[in-house]
Amino acid sequence: MKTFAGIGRDALSHLFTKKKIFSFSVDEKQGIVRIYPRVITISKKPIDLGREYLAYMVGIANREKNHKIFLWDIELGLNEIQLTANENEGKLIDLIIRTQSITPTHVVIAEKEEWNDSPMFQWDVKLEFAKRGVELAQPCSVERITIYSLNDGQKQAIVQKK
C-alpha cells in the first residue's frame, strides 16, 4: 500500500517531467549550448533545512547555478518560492516559514547547471551522452530536479520555528 508521501513523490515526479521550469538562454535557442534531458531524482536522504539558497543568476561571479524551490502540500498544492536577491534569500527553513502558512509535505529543488559554469559541474550526464556520440567539448546544460519528502522531525522543526 502506498503512503501519502509516496503518492506525493510519484505525482510530483510525473508533474516535473512535463512542467516548464527554466527559460532557454540565447545560446541554447541557437544550438550553441546543448540541452540534455532533465534528470529527476527522488531523494532517499532528508533535505538540509539549514542550506542557504540565493537568487542565483548565470553570468555573475559566484552565482553560477539557477535554483528554483517548490513546496507542495495537499491543501495548497504546488507553490514556488520566489528567490529575490537581497530580499528573499537565506536558509531553506526560513524561506518556508516566510512564504507558507501551512507546513509542506514535499520540497522540490530545481537546478539548472551549465557546462562552463563551474569546475564542480557533475559529469555523469555528459559522459553518459558521450557514449552516444555527443561531443564532450560542446557546452551543455542540464536541469536537475530533486524531490524530497519532509519527515516528521523536519515538519516539527518548521512548526516550532513559526
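A quick note: this is a predicted structure, and the numbers were derived from the prediction, not measured.

A closer look at the overall build of the protein
Counting secondary structure elements, the protein contains five helices and eight strands. Each helix and strand of the protein, placed in order from N terminus to C terminus, yields the pattern α-α-β-β-β-β-β-β-α-β-α-β-α. Residue burial in the protein is summarised as follows: out of 162 residues, 40% are buried. The contacts of the protein with a sequence gap of at least 6 include a subset with a gap of at least 24, amounting to 72%. By element, 53% of the accessible surface of the protein is carried by carbon and sulfur atoms, the whole surface being about 9500 Å².

A word on the nonpolar core
Counting residues in hydrophobic clusters, the biggest one holds 17 residues, and the most contacted among them are Ile 47, Leu 49, Ile 69, Leu 92 and Val 107. The set of elements that each furnish at least two residues to this core consists of β4 (66–73), α3 (92–99) and β7 (106–114). Counting residues in each nonpolar core, the second largest holds ten residues, with Ile 21, Phe 70, Ala 110 and Ile 145 among its members.

Overview of the pairing of strand β8 (residues 140–149)
Here is the key point about a regular strand: its side chains alternate between the two faces of the sheet. Counting buried residues in β8 gives ten out of ten residues, a clear majority hidden from the surface. Judged from the two bridges that link them, strand β1 (residues 34–35) and β8 form a sheet pairing that is parallel. Among the inter-strand pairings, Arg 34 is bridged to a residue of β8, identified as Cys 140. For strand β2 (residues 39–42) and β8, the ladder comprises four bridges, and the chain directions are parallel. Across the sheet, the residue bridging to Ile 40 is Ile 145, located in β8.

Comments concerning the confidence of the model for the protein
Taken over all residues, the pLDDT of the protein has a mean of 78, while the share at 70 or more is 76%. Across the protein, the secondary-structure element scoring lowest on mean pLDDT is helix α4 (residues 124–130), at 63, and the one scoring highest is β2, at 91.

Some points on the pattern of salt bridges
Side-chain pairs of opposite charge can arise where the charged atoms are in close proximity. Tallied over the full model, the rule gives two salt bridges. Of the charged contacts in the structure, one is a salt bridge between Glu 143 and Arg 38, with a shortest N-O distance of 2.6 Å. Remark: Arg 38 occurs in the loop between β1 and β2 and Glu 143 occurs in strand β8; sequence separation between them is 105 residues. Its relative accessible area of 12% is what places Glu 143 among the buried residues. Arg 38 sits in the partly exposed class, given a relative accessible area of 26%. Residues Glu 80 and Lys 68 are paired through a salt bridge, measuring 4.0 Å at the closest nitrogen-oxygen approach. Placement of Glu 80 in strand β5 (residues 77–81) and of Lys 68 in strand β4 is noted, with a sequence separation of twelve residues between them. We classify Glu 80 as partly exposed; its relative accessible area is 32%. The partly exposed category is assigned to Lys 68, whose relative accessible area is 22%.

Considering the packing of α3 against helix α5 (residues 152–161)
Remark: α3 packs on α5, axes separated minimally by 10 Å, with the N-to-C direction vectors making an angle of 60 degrees. Compared by their axis directions, α3 and α5 come out oblique. Between α3 and α5 the crossing geometry is right-handed. Contact residues: Ile 93, Asp 94, Ile 96 and Ile 97 in α3; Ala 157, Ile 158 and Lys 161 in α5.

As for the side chain of His 106
You can see His 106 is positioned in strand β7. Within the structure, the side chain of His 106 is placed 3.2 Å from the side chain of Ser 149, a separation counted as a polar contact.

Cut-offs and rules
Residues numbered from 1 in each chain as written. Predicted model: local features only at pLDDT ≥ 70, side-chain atom pairs only at ≥ 80, totals over all residues. Heavy atoms only, no water. Helix = DSSP H or I, 4+ residues; strand = E, 2+ residues; numbered from the N terminus. Buried < 20%, exposed > 50% of the residue type's maximum accessible area, 1.4 Å probe, protein only. Contact = heavy atoms within 4.5 Å. Areas by Shrake-Rupley, 256 points an atom, 1.4 Å probe, with all protein chains shown as cover. Core = buried A, V, L, I, M, F, W, Y, C linked by side-chain atoms within 4.5 Å. Pairing = 2+ DSSP bridges. pLDDT = per-residue confidence, 0-100. Salt bridge = Lys/Arg side-chain N within 4 Å of Asp/Glu carboxyl O. Axes fitted to C-alpha atoms, helices over the stretch in contact; angles between N-to-C directions. Parallel < 35°, antiparallel > 145°, perpendicular 65-115°, else oblique. Left-handed = near helix turned anticlockwise from the far one by under 90°. Polar contact = N/O pair within 3.5 Å; in protein donor to acceptor, adjacent residues only side chain to side chain.

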